[in-house]
Amino acid sequence: IVIPRKPVDLTLQLPIASPVGPYEFQLIREKQPVVSASGNATLANGTTSFNVRVDLSKLAPGMYEMSVRKVGWDWGYYPVEIRAE
């Protein structure tokens, strides 16, 4: 996943059969969260997703981990690259 280094609106599509409800989002670098946001996942056209608005303009370009979870559940981790435009 590649995300530009600027303010962005992200739509996070969750795995099939993910429940609706409150979710948390983080970008992690060196085992520390550097960006956090939350949203309410809804189901539309068979896809569960939620939106977050985050400002990535102050982050250093490079590799991060994106972590996502339904509130109260375990985190799922995904590699993400933040790229300067």
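Keep in mind that this is a model prediction, so the values were computed, not measured.

1. A closer look at the overall build of the chain
Counting its secondary structure elements, the chain contains zero helices and seven strands. Mapped from its N terminus to its C terminus, the chain presents α and β elements in the order β-β-β-β-β-β-β. Projected onto the principal axes, the alpha-carbon positions of the chain cover approximately 35 × 25 × 15 Å. For the chain, the proportion of its 85 residues judged to be buried stands at 36%. Counting only carbon and sulfur atoms, one obtains 51% of the accessible surface of the chain, whose full area is about 5,400 Å². Both charge centroids of the chain, one from 9 positive and one from 8 negative side chains, sit 2 Å from each other.

2. Section: the side chain of Ser 18
Tracing the chain through its elements places Ser 18 in the loop between β2 (7–13) and β3 (21–29). Ser 18 sits in the buried class, given a relative accessible area of 15%. In terms of polar contacts, Ser 18 uses its side chain to reach the backbone carbonyl oxygen of Pro 15, at 2.7 Å.

3. Section: the confidence of the model for the chain
The share of residues in the chain with pLDDT of 70 or more is 100%, and the mean pLDDT across the chain is 96. Mean pLDDT across the elements of the chain ranges from a minimum in strand β1 (residues 2–4), with 96, to a maximum in β3, with 98.

4. A word on the sheet that holds strand β4 (residues 32–44)
Read across the open sheet, the seven strands follow the order β1-β7-β6-β3-β4-β5-β2; overall the sheet is mixed. Looking along the sheet, the strands with just one partner apiece sit at the ends: β1 and β2. Taken pair by pair, the neighbouring strands of this sheet meet at an average axis angle of 30°, ignoring direction. Two strands pair when backbone bridges link them, and β3 and strand β6 (residues 62–70) are joined in this way by six bridges, in the antiparallel orientation. Directly across from Glu 24, in β6, lies its bridge partner Arg 69.

5. Structural notes on the pairing of strand β5 (residues 47–55)
When a strand is regular, its side chains alternate between the sheet's two faces. Inspection of the sheet shows β2 paired to β5 by seven bridges, in the antiparallel sense. Looking at β5, one finds that Asp 9 is bridged to Arg 53. Bridge analysis of β4 against β5 gives three bridges, and the strand direction is antiparallel. Residue pairing for β5: Ala 44 is matched across the bridge by Thr 47. Linking β4 to β5, which pair antiparallel, is a turn of two residues; within it Asn 45 sits at a positive phi near 55°.

What counts, and where the lines are drawn
- Residues numbered from 1 in each chain as written.
- Predicted model: local features only at pLDDT ≥ 70, side-chain atom pairs only at ≥ 80, totals over all residues.
- Heavy atoms only, no water.
- Helix = DSSP H or I, 4+ residues; strand = E, 2+ residues; numbered from the N terminus.
- Buried < 20%, exposed > 50% of the residue type's maximum accessible area, 1.4 Å probe, protein only.
- Areas by Shrake-Rupley, 256 points an atom, 1.4 Å probe, with all protein chains shown as cover.
- Lys, Arg positive; Asp, Glu negative; His and termini not counted.
- Charge placed at Lys NZ, Arg CZ, Asp CG, Glu CD.
- Polar contact = N/O pair within 3.5 Å; in protein donor to acceptor, adjacent residues only side chain to side chain.
- pLDDT = per-residue confidence, 0-100.
- Pairing = 2+ DSSP bridges.
- Axes fitted to C-alpha atoms, helices over the stretch in contact; angles between N-to-C directions.

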